Amino acid sequence: MKQKIFVIAALILLLCLILFMTRDLFFSHSENKPNPYEYDLKALKSADTTQSLYTEDRQIHTRLAEIHGVATDAADNIYIAGNGGVEIYSRDGVFLKKFSIKGTARCITVDVKDNIYLGMEDHVEIWNGSGKLITQWTSPGEESIITSIAVTDTWVFLADAGRKVVYRCDLSGKMIDRIGEKDPENKIPGFIVPSPYFDLGIAPDGSLWVVNPGRHEFEKYTFDGRLVSTWGEANMTMEGFCGCCNPSHFAFLHDGSFVTSEKGIERIKIYTSGGKFNSIVALSASFEEGTKGLDLAVDSRDRVIVLDPVKLMVRIFVKKK
Amino acid sequence: MPDRREFLNTLIRGSILAGLGLLSGALIFRTGKEGDCGFDFTCGSCSKSKDCKLPRALESRQMVWQLDPSKCIQCGRCATNCVLTPSAVKCVHVYAMCGYCDLCGGYFKPGTKTLNTAAENQLCPTNALKRKFVEDPFFEYTIDELLCIGCGKCVKGCGAFGNGSLQLQVRHDRCVNCNQCSIARNCPSGAFSRVPAGNPSLLKGMGTETETGKLKSS
Amino acid sequence: MSKQKLVIILLLLLTVQATSVFAVQRFPKPEFETGYIQPETQVPSPRTEILAVMDVVVLLLSLSVISWIVLKKRSRNGVFLMSVFSLIYFGFYREGCICAIGSIQNITLALFDYNYILPLTVIAFFIIPLVFTLFFGRTFCAGVCPFGAMQDMVAFRPQKLGSRLNAILGMVPYIYLGLAVLYAATGTDFIICRYDPFVGIFRFNASFSMFVFAGILLLSGIFIARPYCRFLCPYGVLLNWVSRFSRRHITITPAECIQCRLCEDSCPYDAIDFPVTSRNPESRQVMVRKLMLICTLIPFLIVAGGWTGIRLHETLAGVNGKVKLARQLLDPATLRIQSEPFEITAYKSSGKSQMQVNEEASVMLKRFYTGGWILGGFIGLMFGVVIAGRMLNIWRTDYVPNKGTCLSCTRCVDYCPVKSDLSKVNT
């Protein structure tokens, strides 16, 4: 009798087993369990938007297939440079004209006389507004990648991401000086440029600022190559720059504030001239994931002009009223 | 009567044997769609061996599980679904791809302000990712596989902010090579597949993959 | 509102697709100045292939040895020692993979999927035990299969279940086999491995549910000997079929049965057929009627099973990942929940369109329709065969092991008082 009870118990156990298998195979939805090790990047990317003082005013869709640089001239016309051509729009986004170039322009700058400086991979070309090539400078070297040009009354500064150095040239293109090479004696750390994003600019007060992207820093140099000061912090908060090499581009507002753009977490922010975080222009939500090369320009009305190379347009952000 | 039964038995036995022989023969020598190679057992002398889609007759038929990092979405199931605890899936560092960043997206928690090795800054739940200063401003990151549970948190961080040099892989010194991998069953992106045991890595950026992503057979 | 939602979904789709392109190296390697040498990424290699060949050799050797022990030595101790060895080698050393039971699925998948590369060792593990069984009976079960060995060792108080209960529970392996083949053929899953109860023990490492599984089987195995082998094992079905036609098979008595009835209770698996000596109590007419009944019953059961299979094919297909994904995508509840399932996330990053997913799912569903028909029909057929087997009384005079269900454990041998040398004198 006792044995029989054991057998029945064992049978019930077996049946339970088979039932459990059936249930697990056909009726379980265990795959919807949350990930205990979730690393939520969305939360990281969607920061508090109340800090954003800017709003998108308008978009200019380019007809170029690939775009790399944006610049403004004295009359606030907008220049877009990319593969095979340069387009010029009025400040309201009306198409003015277009001319073709040979090759790809990686960056563009327009001086006060409306000469257009194009960084053509390894060399610089100067065009006039009507689309005529004025002059072509000799290449500093085959491995050079000119990623930024700044022009003053007497000098032209070139950022070379390939050789990780800044050149000071005269207006005829003769190289005078190399700035920012590693020099421990003069406490120059040297540029770390892991990817071809290496920007420089002339502040409204006339000083030269160069991004040291690998160190997430801005470095201020005198024209003869002395390091004056630096600012910038590598961290993942809104105040810092993160990723491997950021900021990728910057421009100056008229009060000397920095407008910076980053890749990785795509965001455009404003820092005061002293390097203190000020406000947000745009966050990742505005861009497609993986957007790189958000070139920046600022016009006379302090509108922030952003080149979006993925959506193939120029997007103009203005301060909220 | 018994004779007849015996004869019938022998007949059936013979046909079962023949059937089994036929089945195994078909399975061993079965051809792919463009199979007309004459089943050269060595494969070595075959001129078409590069494009051959047939299973190699003898070598490299042993298969092991591996996950394709390019399909991986870091859902964390590698950590929870392996029959082993901790999982046989580990984060593997492809040094050749690493940017040696100071601010490593795979190492630091978001919101970290000071970049040091303090435990509260680390993204890794088990502190398996180690950071070592190399030279200004570079840092080397290594994985302590004894601690790594294969959760893929750092992989996600590295993929989002860096080069994607941190990748999840089945480590075959640990993997017991189940007939049906229980992670593969639950992998939402179908990243798991059986790969030849002779070349079990699907790491990206090691310089071994061809355009199609398939491994060159060495 | 809905437009906003649409935009968000669209954006999400776009963003995820952008990441699916695997990151090309964004940054070149840093230039180190301090002579730092970059470590090489280690790729540990798997178990060498020679060892896999060794497994096959060990399988062959142990099958030969166990067959010799069972048929020639007729020694229970020998079988026991052999099963200890198998438990250690195939169980704890090889950790239960690859095993003959699971290989059914590999073979099936290989037959249905050209791209699946079938290792030769798996073919060997599938074919060799069948061939041995064809000649010597289920000696594989007796002392080579580590699952069997493990259960055999806990069968302390085996009880008889009665032939009806045995027949009913004995249907489960057919269903299990059918499902395993269906899911392997559709490339869905290897369910035998999924519900493999003992590998966790072999590895000393498994999920909680797996241990519970094994625990239940071993616990009930104290009273119901070898529950997995008799009432679950799908490979046992094949061995059962093949063994019925085996050339040689273990016998209870080495010579002639003297009807002493001593072995009646010796078999823990209810695998001894008792003598049926009341020769044809039924008239010829009854026999014919029985045969007629069987002849109509079996086709009816096949059709009924097939019909049920078709009715259930959507449930059956629900296990398949492709079908599951398509259903998740169509299910409005998926959009409502806060965090999307990882399957959806992965689908978005795969760059597949919903059309493709639906297409794949409908192809799969069609395969399950056919598969469901065949599965149902097969189960119906097996029901019919079992019922028929119970209706027909086969005349026999002796106590003999049932060639299908006998696991060749040689327990009954020790109960038989007849000695073989006596038989030599007699014959």
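Structure's up top.
Residues numbered from 1 in each chain as written. Chains lettered and ligands numbered in written order. Predicted model: local features only at pLDDT ≥ 70, side-chain atom pairs only at ≥ 80, totals over all residues. Heavy atoms only, no water.

S.K.: How should the overall build of chain C be read in this particular structure?
M.R.: Helix and strand counts for chain C stand at 21 helices and 2 strands. In chain C, buried positions account for 51% of the 427 residues. Long-range contacts, defined here as pairs at least 24 residues apart, represent 83% of the contacts in chain C between residues at least 6 apart. Total accessible area on chain C is roughly 21,100 Å²; 65% of this is exposed by carbon and sulfur atoms. (Helix = DSSP H or I, 4+ residues; strand = E, 2+ residues; numbered from the N terminus. Buried < 20%, exposed > 50% of the residue type's maximum accessible area, 1.4 Å probe, protein only. Contact = heavy atoms within 4.5 Å. Areas by Shrake-Rupley, 256 points an atom, 1.4 Å probe, with all protein chains shown as cover.)

S.K.: Mind showing me how you'd approach the packing of helix α4 (residues 100–112) of chain C against helix α5 (residues 120–136) of chain C here?
M.R.: For any two helices packed against each other, the geometry is given by the interaxial angle and the distance between the axes. Residues and elements named next belong to chain C. Viewed as axis vectors pointing N to C, α4 and α5 meet at an angle of 115 degrees, and their least axial separation amounts to 9 Å. Judged by the twist between their axes, the crossing of α4 over α5 is left-handed. On the side of α4, the interface is formed by Ala100, Ser103, Ile104, Asn106 and Ile107, while α5 contributes Val122, Ile123, Phe125, Phe126 and Pro129. (Axes fitted to C-alpha atoms, helices over the stretch in contact; angles between N-to-C directions. Left-handed = near helix turned anticlockwise from the far one by under 90°.)

S.K.: Where do I start with the sheet that holds strand β20 (residues 277–282) of chain A in this structure?
M.R.: One key point about sheets: their strands pair by backbone hydrogen bonds, in either a parallel or an antiparallel sense. Residue and element names in this part refer to chain A. Here we have 4 strands laid out as an open sheet, ordered β17-β18-β19-β20, and antiparallel in their pairing. Every interior strand has two partners, whereas the edge strands, β17 (249–252) and β20, have only one. Taken over all neighbouring pairs, the strand axes of this sheet differ in orientation by 25 degrees on average, direction set aside. With 5 bridges joining them, strand β18 (residues 258–262) and strand β19 (residues 267–271) adopt antiparallel strand pairing. (Pairing = 2+ DSSP bridges.)

S.K.: Please explain the packing of α4(C) against helix α9 (residues 172–185) of chain C as it appears in this structure.
M.R.: Residues and elements named next belong to chain C. Remark: α4 packs on α9, axes separated minimally by 8 Å, with the N-to-C direction vectors making an angle of 40 degrees. Taken together, α4 and α9 sit at an angle that is classed as oblique. Judged by the sense of rotation from one axis to the other, the crossing of α4 with α9 is right-handed. Of α9, the residues touching α4 (which contributes Ile104, Gln105, Thr108, Leu109 and Phe112) are Leu177, Ala180, Val181, Ala184 and Ala185. Classifying every residue of the contact of α4 with α9 by side-chain character gives 8 nonpolar, 2 polar and no charged. (Parallel < 35°, antiparallel > 145°, perpendicular 65-115°, else oblique. Nonpolar A, V, L, I, M, F, W, Y, C, P; charged D, E, K, R; others polar.)

S.K.: Which parts of the structure should I look at to understand the sheet that holds strand β22 (residues 304–308) of chain A?
M.R.: Residue and element names in this part refer to chain A. Reading across from one edge, β1-β23-β22-β21 is the order of the 4 strands in this open sheet, with antiparallel pairing throughout. This sheet does not close on itself; its edge strands, each paired only once, are β1 (54–61) and β21 (296–298). The average undirected angle you get between the axes of adjacent strands in this sheet is 25 degrees. Pairing of β1 with strand β23 (residues 313–319), which is carried by 7 bridges, proceeds in the antiparallel orientation. Across the sheet, residue Tyr54 finds its bridge partner in β23, namely Lys319.

S.K.: Explain the pairing of strand β8 (residues 133–136) of chain A here, please?
M.R.: Sheet faces and side chains relate simply in a regular strand, where the side chains alternate between the two faces. Residues and elements named next belong to chain A. Inspection of the sheet shows strand β7 (residues 123–127) paired to β8 by 3 bridges, in the antiparallel sense. When the sheet's bridge partners are listed, Ile126 is paired in β8 with Thr135. Hairpin connection between β7 and β8: a loop of 5 residues separates the two successive antiparallel strands, and Gly131 in this loop has a positive phi of roughly 90 degrees.

S.K.: It is not clear to me how the pattern of salt bridges should be interpreted in this structure. Could you clarify?
M.R.: When the charged atoms of two side chains lie near each other, side chains of opposite charge can form a pair. Residue and element names in this part refer to chain A. A full pass over the atoms with the stated rule returns 31 salt bridges over all chains. Close ionic contact of Asp308 with Arg315 constitutes a salt bridge, the shortest N to O distance being 2.8 Å. Here the two residues Asp308 and Arg315 agree in accessibility, since each one is buried. (Salt bridge = Lys/Arg side-chain N within 4 Å of Asp/Glu carboxyl O.)

S.K.: What is the right way to read the interface of chain C and chain A from this model?
M.R.: Note: interface size is frequently given as the accessible area lost on complex formation between the parts. With 40 residues of chain C at the interface, the matching set in chain A holds 31 residues. Surface buried jointly by chain C and chain A totals about 3,200 Å² across both partners, of which 74% is contributed by carbon and sulfur atoms. Between the two partners, chain C and chain A, sit 1 salt bridge. Linking Asp24(A) and Arg194(C) is a salt bridge whose minimum nitrogen-to-oxygen distance equals 3.5 Å. On the surface where chain C and chain A come into contact, there are 3 residue pairs in polar contact (both at pLDDT 80 or more). (Buried area = accessible area lost by both parts, 1.4 Å probe. Polar contact = N/O pair within 3.5 Å; in protein donor to acceptor, adjacent residues only side chain to side chain.)

S.K.: For this particular structure, what's the right way to read the interface of chain C and chain B?
M.R.: The partner chain B presents 69 residues to the 68 residues of chain C that form the contact. Counting the contacts that link chain C with chain B gives 2 salt bridges. For Arg185(B), the salt bridge identified is with Asp189(C), shortest N-O distance 2.8 Å. Taken together, chain C and chain B are joined by 14 residue pairs in polar contact (both at pLDDT 80 or more). For the side of chain C that touches chain B, the element with the most residues is α5(C), which contributes 9 residues. Along the lines of polarity and charge, the residues of the side of chain C that touches chain B split into 37 nonpolar, 16 polar and 15 charged.

S.K.: Hey, could you run me through the environment of Lys164(A) in this one?
M.R.: For Lys164(A), the position within the fold is in the loop between β10 (155–160) and β11 (165–170). When sequence neighbours within four positions are dropped, the list of residues in contact with Lys164(A) reads Phe191(A), Val193(A), Phe198(A) and Glu31(C).

S.K.: Just to check I follow, could you spell out the pairing of β17(A) for this structure?
M.R.: Side chains His249(A) and Ala251(A) project from β17(A) onto one buried face, and the interleaved Phe250(A) and Phe252(A) project onto a second face that is buried too. The hairpin turn running from β17(A) into β18(A), its antiparallel successor, is 5 residues long, and Gly256(A) in that turn takes a positive phi close to 90 degrees.

S.K.: Looking at this structure, I do not really get the packing of aromatic side chains. What am I missing?
M.R.: Aromatic ring pairs are defined here through the distance separating the ring centres and the angle between the ring planes. Throughout the structure, instances matching the rule amount to 49 aromatic pairs over all chains. For the ring pair Phe250(A) and Phe258(A), a centre distance of 6.1 Å and an interplane angle of 40 degrees mean the geometry is tilted. Each member of the pair Phe250(A) and Phe258(A) is classed as buried. Their ring planes at 80 degrees and their centres at 6.2 Å tell us that Phe90(C) and Phe125(C) sit as a pair that is edge-to-face. On the criterion of sequence distance, the pair formed by Phe90(C) in helix α3 (residues 76–93) and Phe125(C) in helix α5 is long-range, its members being 35 residues apart. The exposure class of Phe125(C) is buried, given its relative accessible area of 6%. A network of ring pairs unites the aromatic residues Trp209(A), Phe218(A), Trp231(A), Phe241(A), Phe250(A), Phe252(A), Phe258(A), Tyr271(A) and Phe277(A) as a single cluster. (Phe/Tyr/Trp six-rings, centres within 6.5 Å; stacked < 30°, edge-to-face > 60°.)

S.K.: Would you mind showing me how to read unusual backbone geometry here?
M.R.: Most peptide bonds are trans, and most residues other than glycine sit at a negative phi. For the bond from Thr85(B) to Pro86(B), the omega torsion is -5 degrees, close enough to zero to count as cis. At the junction of Cys97(C) and Ile98(C), the peptide bond is cis and its omega measures out at -5 degrees in the coordinates. Looking at where Ile98(C) falls in the secondary structure, it is placed in the loop between α3 and α4. For Asp302(A), which is not a glycine, the phi torsion comes out positive at approximately 60 degrees. Among the secondary structure elements, Asp302(A) is positioned in the loop between β21 and β22. Its relative accessible area of 25% is what places Asp302(A) among the partly exposed residues. For Gln74(B), which is not glycine, the phi torsion reads 55 degrees and is therefore positive. Tracing the chain through its elements places Gln74(B) in the loop between β1 (63–67) and α2 (77–81). Residue Gln74(B) is classed as buried on the basis of its relative accessible area of 16%.

S.K.: What's the story with the environment of Leu59(C) in this structure? I'm lost.
M.R.: Residues and elements named next belong to chain C. When you line up the elements, Leu59 lands in helix α2 (residues 49–73). Looking at Leu59, the relative accessible area reads 1%, which means it is buried. Sequence separation of Leu59 and Cys145 is 86 residues, and the distance between their C-alpha atoms is 9.6 Å.

S.K.: What exactly am I supposed to notice about the state of the cysteines here?
M.R.: Defined simply, a disulfide is a covalent bond joining two cysteines at their sulfur atoms. Going through the model one piece at a time under the given rule, you end up with 0 disulfides over all chains. Unpaired in terms of disulfides, Cys98(B) finds its nearest cysteine sulfur in Cys101(B), a separation of 6.1 Å. Of the residues examined, Cys98(B) reaches a relative accessible area of 5% and is grouped as buried. Left without a disulfide partner, Cys229(C) is nearest to the cysteine sulfur of Cys145(C), which lies 6.1 Å away. (Disulfide = S-S within 2.5 Å.)

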